[in-house]
Amino acid sequence: MVNKPALSRRKSDGKAAPMVDGTLVSNELLLSLPPEDWESIFPELSSVQLRTHEVLHESGEPIRFAYFLNSGLASVLSVLSDGKSVEVGLTGKEGFVGLPLVVGLSTSPTRTVIQIEGAGFRVSAAGLMKILRRSETLTQRLQRYVQVLSMQASQVAACNRIHEVDERLARWLLMCQDRINSDTVVTIESRENLKDAACECYEAMQRQSRNWLSESNNSVR
Ligand SMILES: [Zn+2]
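Okay, so let's go over this structure. Given the structure is predicted, the values throughout are model-derived calculations rather than measurements.

Criteria and cut-off values
- Residues numbered from 1 in each chain as written.
- Predicted model: local features only at pLDDT ≥ 70, side-chain atom pairs only at ≥ 80, totals over all residues.
- Helix = DSSP H or I, 4+ residues; strand = E, 2+ residues; numbered from the N terminus.
- Rg over C-alpha atoms; globule rule 2.2 N^0.38 Å.
- Buried ≥ 20, exposed ≤ 12 C-beta atoms within 10 Å, placed from the backbone.
- Core = buried A, V, L, I, M, F, W, Y, C linked by C-beta atoms within 7 Å.
- Contact = placed C-beta atoms within 7 Å.
- Pairing = 2+ DSSP bridges.
- Axes fitted to C-alpha atoms, helices over the stretch in contact; angles between N-to-C directions.

## Thoughts on the overall build of the protein chain
Within the protein chain, the secondary structure is distributed over 8 helices and 11 strands. Over its C-alpha trace the protein chain gives a radius of gyration of 18 Å, about what one expects of a compact globule, namely 17 Å for 221 residues. Across its three principal directions, the C-alpha atoms of the protein chain cover 60 × 45 × 35 Å. Across the 221 residues in the protein chain, those meeting the buried criterion constitute 28%.

## A closer look at the nonpolar core
Core analysis: the biggest nonpolar cluster contains 38 residues, and Ala66, Tyr67 and Ala74 have the highest contact counts within it. By residue number, the principal contributor to this core is helix H6 (residues 165–180), which donates 5 residues. Discounting residues that sit within four places of it in the chain, alanine 66 has contacts with Phe96, Val97, Gly98, Leu101, Val123, Ala125 and Leu128.

## Concerning unusual backbone geometry
Phi at aspartate 21 takes a positive value of approximately 55°, unusual for a residue other than glycine. Structurally, aspartate 21 is set in the loop between strand S2 (16–20) and strand S3 (23–24). On the basis of neighbour counts, which here come to 14 C-beta atoms within 10 Å, the residue aspartate 21 falls in the partly exposed class. Even without being glycine, histidine 53 reaches a positive phi, approximately 80°.

## Section: the environment of alanine 66
Tracing the chain through its elements places alanine 66 in strand S6 (residues 65–69). Sequence spacing of alanine 66 and phenylalanine 121 is 55 residues, and the spatial spacing of their C-alpha atoms is 8.4 Å.

## Considering the sheet that holds strand S5 (residues 55–57)
The strand order across the open sheet built from 4 strands is S5-S10-S7-S8, with neighbouring strands paired in antiparallel fashion. Only two strands of the sheet have a single partner each, and these edge strands are S5 and strand S8 (85–91). Sheet twist, expressed as the average angle between the axes of neighbouring strands with direction ignored, equals 35°. For strand S7 (residues 73–79) and S8, the ladder comprises 6 bridges, and the chain directions are antiparallel. Residue pairing in the sheet places serine 75 in a bridge with leucine 90 of S8.

Now the structure itself:
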């Protein structure tokens, strides 16, 4: 008889904390799933370490694996023909890498690379299709994350064109800190000072995210 891996661990408050492959889940998309979905989704995921500079998928090439980041930070890069690249998005434990797969597409115009090492849960392209068929909630969460990343890319495009480098740096540091829950990117002594130094883009993205969160909490689906 094969022992099934545990899907949760009991916390001190008595609630079940979800686990994948023996690792506690911090990824917010997975944490948002109802416990009845855990059994059909978690066994398809495997725990992986993610090293700095590791390319999760290359621009224009087939996406073999999708990733739910549990820690660390990934950069979404737009790659130009001369090899130069520009960051157009950031993904951490709030997000997912491999979005074209969610809508049945197999390549991405962007490259996604690990910027700060961490860990995550990996699923093959075929495995992702399987779990999306099993969970309407996961499908909906990932479709909403498409909107979040697209909003981020358009705001960052405007920011890179119009705002000063020191304001953009402050905005970028705040975005990194939100995604890795840590001030170790550089030592961030005062988040409030950083907010004062940042351009309006950080607050604009936060405001839109809050609005969408309240809309999704109020929606029937
Ligand atoms: Zn800006």
